[in-house]
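Next come the chains, spelled out residue by residue.
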Amino acid sequence: MRSAVLGALLFAAPVFAGGFPSPAPELKALDAQAGHWIYRGTTAPDKAGGKAGTFTWDEHCGWSADELFLMCSFDNDWSGHKVQSLVVDTWNARDKSYWHYEMFAVGSSGAKPFASRMSIRGNTWTETGEDDERGKKSYDRISYVYTSPTEVTVKIEVSHDRKQWKTVLSGRGVKQP
């Protein structure tokens, strides 16, 4: 009896999995970020009275089992402020856009995950997001430029009007062997 049930399940498994399209070819662009990366750089004060500093990001990225989501775990040090997060990047076929989601476990509120549309044009990835802190809107632009398969530059800019942008972070990432 047990072998009959197991046989029926094995026969039916492809039926349950069927009907899903193959992963979109656009997902291949996300391969650039797969692997282990270390980022280092400097931060500028993002508000009056703030202090400049340094940052280190330790990032590990790999594909989900269905190869639809690139998942990256981050251990970040922002001048002594520790942040741990999970980033998920993907392509959405319905709206024909890349999306970037970041959820926080340590160092930032879990109540407001960061979500942004992302563009990939050649070797440049750009994420654009919006923040609302105490009723004041601000906008983020995060740019990654892949200068080689093992090196990337990163820059984070903020704006209150989407016209004038201030760089608050710049640095470089190196893929680890």
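This structure is a prediction, so every number in the text was calculated from the model and none was measured.

Chemist: Help me understand the nonpolar core, please; the structure alone is not making it clear to me.
Modeler: A general trend in soluble globular proteins is that nonpolar side chains are found buried together. Residues Leu30, Tyr39, Trp57, Trp125, Tyr144 and Val154 are the most contacted members of the largest nonpolar core, which totals 26 residues. Every element with two or more residues in this core is listed here: strand 1 (35-43), strand 2 (53-63), strand 3 (69-78), strand 4 (81-92), strand 6 (114-121), strand 8 (136-148), strand 9 (151-159) and strand 10 (166-175). Contacts of Val154, omitting those with residues within four sequence positions, involve Tyr39, Phe55, Trp57, Ile142, Ser143, Tyr144, Leu169, Ser170, Gly171 and Arg172.

Chemist: What am I meant to see in the packing of aromatic side chains here?
Modeler: The description of two aromatic rings rests on the distance between their centres and on the angle between their planes. Summed over all chains, the structure comprises 11 aromatic pairs. Taking the centre distance of 6.3 Å and the plane angle of 75° together, the rings of Tyr39 and Tyr144 count as edge-to-face. Remark: Tyr144 occurs in strand 8 and Tyr39 occurs in strand 1; sequence separation between them is 105 residues. By the burial criterion, Tyr39 is buried, and Tyr144 matches it. Aromatic ring contacts, followed pair by pair, group Trp37, Tyr39, Phe55, Trp57, Phe74, Trp78, Trp125, Tyr144 and Tyr146 into a single cluster. The ring of Trp165 carries the charged tip of Arg141 above its face, separated from the ring centre by 4.0 Å.

Cut-offs and rules
Residues numbered from 1 in each chain as written. Predicted model: local features only at pLDDT ≥ 70, side-chain atom pairs only at ≥ 80, totals over all residues. Heavy atoms only, no water. Core = buried A, V, L, I, M, F, W, Y, C linked by side-chain atoms within 4.5 Å. Buried < 20%, exposed > 50% of the residue type's maximum accessible area, 1.4 Å probe, protein only. Helix = DSSP H or I, 4+ residues; strand = E, 2+ residues; numbered from the N terminus. Contact = heavy atoms within 4.5 Å. Phe/Tyr/Trp six-rings, centres within 6.5 Å; stacked < 30°, edge-to-face > 60°. Lys NZ or Arg CZ within 6 Å of the ring centre and 35° of its normal.

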